[in-house]
Amino acid sequence: QVLVVESGGGLVQPGGSLRLSCVVSRSIDIRWDRAWYRQAPGKQRELVAYITSGGSIEYDDSVKGRFTISRDNAEDTVYLQMNSLKPVDTAVYFCNVGKVVGGTFAVFGSWGQGTQVTVSS
């Protein structure tokens with residue numbers, strides 16, 4: 001079953017902005033936390049940011065101050081506003097659901113197709 005659908009990726013120049021969206025299935029408990037990950041070519045998937053049901057937010061140091069994660073519970077959509085994009089941000093971006101436990105994010109869902117973000121001049 002498809003639990004999340006990512007969109008909003010594209011090609012942007014360094015310094016540009018993109019806003020990613022993740023529509024979460026209505027079958028997913030609203031109390032579960034939400035997160036954005038990314039996977040660059042030849043690298044492992046890494047956590048970019050998460051937002052808990054209680055509103056707690058954390059970012060990877062590499063994106064702190066540039067990216068903003070938010071969620072609209074009414075629409076069950078998670079957003080990632082990405083500003084001041086750098087070539088190193090180039091990756092496939094995924095969202096997922098789960099819970100923050102033991103200092104990390106425990107993923108509950110399967111991985112979708114993601115959305116490609118390419119930062120290049």
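Above this text sits the structure in question.
Anyway, here's the lowdown on the structure attached to this text.

Criteria and thresholds
Residues numbered from 1 in each chain as written. Predicted model: local features only at pLDDT ≥ 70, side-chain atom pairs only at ≥ 80, totals over all residues. Heavy atoms only, no water. Helix = DSSP H or I, 4+ residues; strand = E, 2+ residues; numbered from the N terminus. Rg over C-alpha atoms; globule rule 2.2 N^0.38 Å. Buried < 20%, exposed > 50% of the residue type's maximum accessible area, 1.4 Å probe, protein only. Areas by Shrake-Rupley, 256 points an atom, 1.4 Å probe, with all protein chains shown as cover. Lys, Arg positive; Asp, Glu negative; His and termini not counted. Charge placed at Lys NZ, Arg CZ, Asp CG, Glu CD. Pairing = 2+ DSSP bridges. Axes fitted to C-alpha atoms, helices over the stretch in contact; angles between N-to-C directions. Core = buried A, V, L, I, M, F, W, Y, C linked by side-chain atoms within 4.5 Å. Contact = heavy atoms within 4.5 Å. Salt bridge = Lys/Arg side-chain N within 4 Å of Asp/Glu carboxyl O.

## With respect to the overall build of the chain
In terms of regular secondary structure, the chain is built from 0 helices and 11 strands. Along the chain, helices (α) and strands (β) appear in the sequence β-β-β-β-β-β-β-β-β-β-β when read from the amino end. In terms of overall size, the chain behaves like a compact globule, its C-alpha atoms giving a radius of gyration of 13 Å where 121 residues would be expected to give roughly 14 Å. Along the first, second and third principal axes, the C-alpha set of the chain runs to 40 × 30 × 30 Å. Looking at the 121 residues of the chain, the share that counts as buried comes to 41%. For the chain, the accessible surface area stands at approximately 6200 Å², while carbon and sulfur atoms represent 50% of it. On the chain, the mean spot of the 12 positive side-chain charges and the mean spot of the 11 negative ones are 1 Å from each other.

## Considering the sheet that holds strand E3 (residues 18–24)
Sheet architecture is open: 4 strands sit in the order E1-E3-E8-E7, paired in antiparallel fashion. At either margin of the open sheet sits one strand with a lone partner, and together these are strand E1 (4–7) and strand E7 (67–72). Recorded for the sheet is a direction-independent mean angle of 15° between the axes of neighbouring strands. As defined by bridge partners, E1 adjoins E3 across 4 bridges and the pair is classed as antiparallel. In the sheet register, Val5 faces E3, and the bridge partner there is Val23.

## Digging into the nonpolar core
Trp36, Val48, Phe67, Leu80, Met82 and Tyr93 are the most contacted members of the largest nonpolar core, which has 25 residues in total. At the level of secondary structure, the elements contributing two or more residues to this core comprise E3, strand E5 (46–51), E7, strand E8 (77–82), strand E9 (91–101) and strand E11 (115–119). Apart from residues lying up to four places away in sequence, Val48 is in contact with Trp36, Tyr37, Arg38, Glu58, Tyr59, Asp60, Val63, Phe67, Leu80 and Tyr93.

## Brief notes about the pattern of salt bridges
Within the structure shown, the criterion is met by 7 salt bridges. Across the salt bridge formed by Lys99 and Asp33, the nearest N and O atoms sit 3.6 Å from each other. Highlighted residues: Lys99 in strand E9 and Asp33 in strand E4 (residues 33–39), separated in sequence by 66 residues. One network of salt bridges, with partners in common, ties together Arg38, Glu46, Arg66 and Asp89.

## Let's talk about the side chain of Ser21
Residue position: Ser21 is located in strand E3. Sequence-distant contacts of Ser21, that is, excluding residues within four places in its chain, are made with Val5, Glu6, Ser7, Trp36, Thr77, Val78 and Tyr79.

Everything listed here is a matter of coordinates, which is why it stays silent on function.
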